[in-house]
Each structure stands twice: as C-alpha cells, then as structure tokens.
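The chain contents come next:
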Amino acid sequence: MDLFAAAWYSHALNAVVLTIGFLLMLLVLIQRGKGGGLAGAFGGAGGSSPFGSRAADQFVKITLWLAGVWVLVIMIHVKVVKYNVEADKNSSQTTITS
C-alpha cells in the first residue's frame, strides 16, 4: 500500500492528532505535580506555580478538554482510515474480477 494512496483528509487528521498530542505534552509539562514537576524549573518558588494558583485549575480544565478532543479526533481518524481501506479493497476486487 502506497503512502500517498490515502485520501488527503487522512493526512490532515494525522497532522491534527500530532498537533493536539504535542500541545497535550506541553500542557502536562507546564503543570505542577505533587512532586513539584517541571514547573518548578522555570523559577517558581517551592510550592507555587509559575502562573499562579488559579492558573493551575485552568490548566487542568484545558488539559481535560484537549484530551477529550484528542480522543474524539482519533476515533474519527480510525473510522476514516477503515472506510478508505474498505473502499480501496472493494475497488481492487472489482478490477481483479473484471
């Protein structure tokens, strides 16, 4: 199966999944965990977040919503790829039998 045989929207969904995944990684690294996390490396005082305590609550909400969107996009991507593979299989079978 050729790399470019997939439809353009399959590649676009791949890019969306990778972008959202990268944003999720950045959000998780910014958040302060129970052990201080990477947020303490940016100059935050021992127990405080570099963006303030209210920002930590917002980061959690944004992370949860972004994770939900990420899962939804992956589910859509699976359906699209499955449909493309089935359509490709059906078109190749009709050319073989013809």
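Residues numbered from 1 in each chain as written. Predicted model: local features only at pLDDT ≥ 70, side-chain atom pairs only at ≥ 80, totals over all residues. Heavy atoms only, no water.

The name given to the protein in an unreviewed UniProt entry is Protein-export membrane protein SecG, with Gemmata palustris as the source organism. Turning to the protein, the UniProt annotation filed under Sequence similarities (unreviewed entry) states: "Belongs to the SecG family." (UniProt positions renumbered as here; feature names shortened; annotations may be inferred.)

Within the protein, the regular secondary structure consists of two helices and zero strands. The long-range share in the protein, meaning contacts at least 24 apart out of those at least 6 apart in sequence, stands at 75%. About 7400 Å² of surface is accessible on the protein, with carbon and sulfur atoms providing 70% of the total. (Helix = DSSP H or I, 4+ residues; strand = E, 2+ residues; numbered from the N terminus. Contact = heavy atoms within 4.5 Å. Areas by Shrake-Rupley, 256 points an atom, 1.4 Å probe, with all protein chains shown as cover.)

Moving on: the UniProt feature "transmembrane region" (unreviewed entry) in the protein. Residues annotated in UniProt with the feature "transmembrane region" (unreviewed entry) correspond here to residues 6-30 and 59-78. Taken end to end, residues 59-78 comprises 100% helix and 0% strand; its first and last C-alpha atoms sit 28 Å apart.

All right, on to a nonpolar patch on the surface then. Residues F22, L23, M25 and L26 make up a contiguous nonpolar surface patch of about 380 Å² in total accessible area. Tracing the chain through its elements places M25 in helix α1 (residues 8-30). (Patch = residues over 30% accessible without salt bridge, like charges linked within 9 Å, V, L, I, M, F, W, Y side chains within 5 Å. Salt bridge = Lys/Arg side-chain N within 4 Å of Asp/Glu carboxyl O.)

What follows covers the packing of aromatic side chains. Summed over all chains, the structure comprises one aromatic pair. Relative to Y9, the ring of W8 has its centre 5.7 Å away and its plane inclined at 80 degrees; by these criteria the two rings are edge-to-face. Residue classification places Y9 among the partly exposed positions, given a relative accessible area of 33%. (Phe/Tyr/Trp six-rings, centres within 6.5 Å; stacked < 30°, edge-to-face > 60°. Buried < 20%, exposed > 50% of the residue type's maximum accessible area, 1.4 Å probe, protein only.)

This part is about α1. End to end, α1 covers 33 Å across 23 residues, agreeing with the expected 33 Å (1.5 Å per residue, within 8%). Taken as a whole, α1 has its buried residues at S10, L13, V17, I20, G21, L24 and L27. (Expected span 1.5 Å × (residues − 1).)

Here we take up the side chain of T63. Mapped onto the elements, T63 comes out in helix α2 (residues 53-97). Setting aside anything within four residues of it in sequence, one finds T63 in contact with L24, L27, V28 and Q31.

Here the focus is the environment of V17. In this fold, V17 is placed in helix α1. Separated by 53 residues in the primary sequence, V17 and W70 have C-alpha atoms spaced 6.4 Å apart. Setting aside residues no more than four positions away along its own chain, V17 makes contact with W70, V73 and I74.

It is worth spelling out the environment of V80 at this point. In this fold, V80 is placed in helix α2. Spatially, the C-alpha atoms of V80 and L13 are 9.2 Å apart, while their sequence positions differ by 67 residues. The contacts of V80, once residues within four sequence positions are left out, are Y9 and L13.

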